[in-house]
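Chain by chain, the residues:
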Amino acid sequence: MATRIGMIGAGTVGGGVYEIIMNRLKSSSATITKICVRDANKPRDFQIDPSTTQVVTDVSSILNDDSINLVVEVAGGTTFAKDAVFAALKGGKSVVTANKALIAEYLDEIVTLVDEVNNDGRSEKDAVKFGYEASVCGGIPIIHTLQSTYKGDIINEVSGICNGTTNYMLGKMEEGADYDDVLKEAQDLGFAEADPTADVAGHDVRAKIAILAKLAFGITVPIDTIPCMGITEISVVDFDYAKSMGCTIKLVGTAVRQSEFGEHDGALSVYVSPKLVPLNHLLASATGCGNAVAVDSSNLGTASFTGPGAGRYATANSVVADTMRVVYNTCPSSPFPMLSNSIDIDNDFVSAFYIRISFQDGLGIIRSVGELAESQGVSIHSILQQPITDRMAADTVVTTEACKYSQVKALCDLIEKEDFANSAPVFFPMISDY
C-alpha cells in the first residue's frame, strides 16, 4: 500500500521535495496527496498536479486525515511547526522535517513523545518514525551516518562548518573584502536574510551542533548554555595574520570530550566560534557555501563528510531520503539511538587561542599583556605583529597555549580596560594539535 504524504510548507525546499517525489521518482510506494500553505492562490515556482495533490490552508485537514500516514514539515519556525509536528506524532503519523531550530529547542520532548507513542502497543512495523536528515548540513548525510555507522565505535569529537552563508562570507573576506560589503553581497544573492543575525551570530550553527552532540554522545545540551561567538568581529586583518600562520578562519560548531592526556573521557564541551584552521586541515577545504563535518573516533580516527550545506535540491534530497526510509521501514524507531546520563557537560572549553589586540602604540604594551596573561594563568605561545603604519591604530596578535575559554575571556576583559587598548580584543580558538 502506498504511503500517503501530507506536506506542510511549499517554499524552496518544499518545491524540491515535491518535484523529486512526484516527478522524478514517480514511485507507487509514496505520493504527496496534500500540501498545506498559508495562501493557496500564491504563485509557486513548481507545478502541482491537482489530480493527485490537494492544496489546503488548514493544517488539520492533514493531521485529521486518517489516510495520511507521513507528514513532511518544511515550513520552519518553532511555533506553528511545533504544534503540527507534535500533533502528527501523537496521531500516529511519522514525521520528516528539516527544522533544526525546532529539534534543538524541543529535543527531549520529541524523543519522549516518539517513545510514548511507540510504546503504546505498536509493532516495530507500525512504529512512528522521526526523520531529520535535512536539519543539519543540507545535502550531507551526516545524521544517518551518526545513527548507523558508529554503533560499535566511540566518538571523541564532532566539529563542522554547518552554515553556508557565513562560510561564503568568510571566503570573500579572505580574498580581501570588508565584512559590511560581503554581508550586503550575500543578502543580494539570497544567501543571507534581511536580518542575518541567525547566521552571522552563530545561532544557526548552535542549533545544529546541539543536534550532532545528542547523536554522537547521547546527551542533551540546552542550546542557551552553548557558548556562541559569531563572525561579526572578524576583519580582513585577521585573515592577514591567519595567512602568515598557514591558516584560514572558519565558523565551526564543536562537540568534544575533554582530554588531559589523550584519553577523551572527560566532560563534554559544546561551543560555536570562529576557529583558526590550518590550510591542510579537512575543514579548510569547504569553500563557498559548502559545509564540512569531521568526526574523530576510536575506531576510524578522523573521517570527513563534505558537500552542499543548503539549496533547494540538496536539502530536498535529504528530506526525500528520510521519506523513503520511512516508506521502506528502514528509518530507526529511535531518532537518537544513543542515550547517556554519565557524561558531564562543561562548556568552559579548553583550546589554544588567537587574540588580536588593537592598540595605540607606546612603550611596555607587550610587557603589560604578558603580566595580565600571567595573572589569569594564560601561557603565551607566540606574538605576531605586522609593520605599524598608523601608531594610533595598530594591531598585534598573541597566541596562547591550551587554556580555558573563561581564562582568555577574563584576560581580554582586562586588556580592554588598559589605556593603550582601542577596543575589546578579538579572540577565538585555534586548531593547533593537527
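In case you missed it, the structure is sitting above this.
Cut-offs and rules
- Residues numbered from 1 in each chain as written.
- Predicted model: local features only at pLDDT ≥ 70, side-chain atom pairs only at ≥ 80, totals over all residues.
- Heavy atoms only, no water.
- Buried < 20%, exposed > 50% of the residue type's maximum accessible area, 1.4 Å probe, protein only.
- Helix = DSSP H or I, 4+ residues; strand = E, 2+ residues; numbered from the N terminus.
- Pairing = 2+ DSSP bridges.
- Patch = residues over 30% accessible without salt bridge, like charges linked within 9 Å, V, L, I, M, F, W, Y side chains within 5 Å.
- Areas by Shrake-Rupley, 256 points an atom, 1.4 Å probe, with all protein chains shown as cover.
- Salt bridge = Lys/Arg side-chain N within 4 Å of Asp/Glu carboxyl O.
- Axes fitted to C-alpha atoms, helices over the stretch in contact; angles between N-to-C directions.
- Parallel < 35°, antiparallel > 145°, perpendicular 65-115°, else oblique.
- Left-handed = near helix turned anticlockwise from the far one by under 90°.
- Contact = heavy atoms within 4.5 Å.
- Nonpolar A, V, L, I, M, F, W, Y, C, P; charged D, E, K, R; others polar.
- Phe/Tyr/Trp six-rings, centres within 6.5 Å; stacked < 30°, edge-to-face > 60°.
- Lys NZ or Arg CZ within 6 Å of the ring centre and 35° of its normal.
- Polar contact = N/O pair within 3.5 Å; in protein donor to acceptor, adjacent residues only side chain to side chain.
- Core = buried A, V, L, I, M, F, W, Y, C linked by side-chain atoms within 4.5 Å.

### A closer look at the pairing of strand S12 (residues 350-359)
Looking along a regular strand, one sees side chains alternate from face to face of the sheet.
Working step 1: Burial of S12 is extensive: nine of the 10 residues sit out of reach of the surface.
Working step 2: Pairing analysis gives two bridges linking S12 to strand S15 (residues 403-404), with the strands arranged antiparallel. Among the inter-strand pairings, Val350 is bridged to a residue of S15, identified as Lys404.
Working step 3: Summarising the sheet, S12 and strand S14 (residues 394-400) pair through six bridges and their orientation is antiparallel. Bridge assignment links Arg356 to a residue of S14, and that residue is Val397.

### Looking at a nonpolar patch on the surface
Working step 1: A contiguous nonpolar surface patch, about 220 Å² in accessible area, is contributed by Ile366, Ile380 and Ile383.
Working step 2: Structurally, Ile380 is set in strand S13 (residues 380-384).

### Description of the packing of helix H1 (residues 12-25) against helix H12 (residues 312-327)
Working step 1: Orientation of H1 relative to H12, taken along the N-to-C sense of each, is 60°, at an axis distance of 8 Å. Classified by the angle between their axes, H1 and H12 sit oblique to one another. For the crossing formed where H1 meets H12, the hand is right-handed. Where H1 abuts H12, its residues Thr12, Val13, Gly15, Gly16, Val17, Glu19, Ile20, Ile21, Arg24 and Leu25 lie against Arg312, Tyr313, Thr315, Ala316, Asn317, Val319, Val320, Thr323 and Met324.
Working step 2: In terms of residue class, the contact of H1 with H12 is made up of 10 nonpolar, six polar and three charged.

### Some thoughts on the pattern of salt bridges
Working step 1: Tallying each qualifying case throughout the model produces 13 salt bridges.
Working step 2: One salt bridge in this structure joins Asp361 and Arg391, with 2.6 Å as the shortest N-O distance. Taken together, the residues Asp361 in the loop between S12 and helix H13 (365-375) and Arg391 in the loop between S13 and S14 connect sequence positions 30 residues apart.
Working step 3: Among the salt bridges present, the one from Lys409 reaches Asp413, with a minimum N-O distance of 3.1 Å. Linking Lys409 with Asp413, this pair stays in helix H14 (residues 405-416), spanning four residues, or about one helical turn.
Working step 4: Take Asp413: its relative accessible area is 31%, and that puts it in the partly exposed class.
Working step 5: One network of salt bridges, in which partners are shared, links Lys100, Asp204 and Lys208.

### A closer look at the sheet that holds strand S4 (residues 70-73)
Working step 1: Ordered in space as S3-S2-S1-S4-S5-S6, the six strands form an open sheet in which the pairing is parallel. Two strands bound the open sheet, and with one partner strand each, they are strand S3 (54-56) and strand S6 (130-131).
Working step 2: Sheet analysis places strand S1 (residues 3-8) next to S4, joined by four bridges and oriented parallel. Residue pairing in the sheet places Ile8 in a bridge with Glu73 of S4.
Working step 3: Lying over the sheet, H1 contacts S1 and strand S2 (30-36), oriented at roughly 150° with respect to S2.

### Comments concerning the packing of aromatic side chains
Working step 1: A complete count under the given rule lists 11 aromatic pairs for this structure.
Working step 2: When the centroid spacing of 4.6 Å and the interplanar angle of 20° are considered together, the rings of Tyr354 and Phe428 count as stacked. A residue pair is termed long-range when its members are at least 10 positions apart, and Tyr354 in strand S12 and Phe428 in strand S16 (residues 426-430) qualify at 74 residues.
Working step 3: Residue Tyr354 is classed as buried on the basis of its relative accessible area of 0%.
Working step 4: Of the aromatic side chains, those joined through ring pairs into one cluster are Tyr271, Phe349, Phe353, Tyr405 and Phe427.
Working step 5: The side chain of Lys82 reaches across the aromatic face of Phe86, ending 5.0 Å from its centre.
Working step 6: For Lys82, the ring lying beneath its charged end belongs to Tyr106, and the centroid distance is 4.9 Å.

### Some details on the environment of Arg356
Working step 1: Following the sequence through the fold, Arg356 ends up in strand S12.
Working step 2: On the basis of relative accessible area, Arg356 is assigned to the buried category, the value being 9%.
Working step 3: Spatially, the C-alpha atom of Arg356 lies 9.3 Å from that of Val237, the residues being 119 residues apart in sequence.
Working step 4: A polar atom in the side chain of Arg356 sits 2.5 Å from the side chain of Asp238.

### Points about the nonpolar core
Working step 1: Core analysis: the largest hydrophobic core is formed by 86 residues, its most contacted members being Phe130, Ile142, Met169, Ile234 and Val295.
Working step 2: In terms of residue count, the dominant contributor to this core is helix H10 (residues 203-217) (10 residues).
Working step 3: Aside from chain neighbours lying at most four places away, what touches Ile234 is Leu170, Met173, Tyr179, Phe239, Ile249, Pro274, Val426 and Phe428.
Working step 4: One finds Phe46, Ala316, Val319 and Val326 within the second-largest nonpolar core, a separate group that totals 26 residues.

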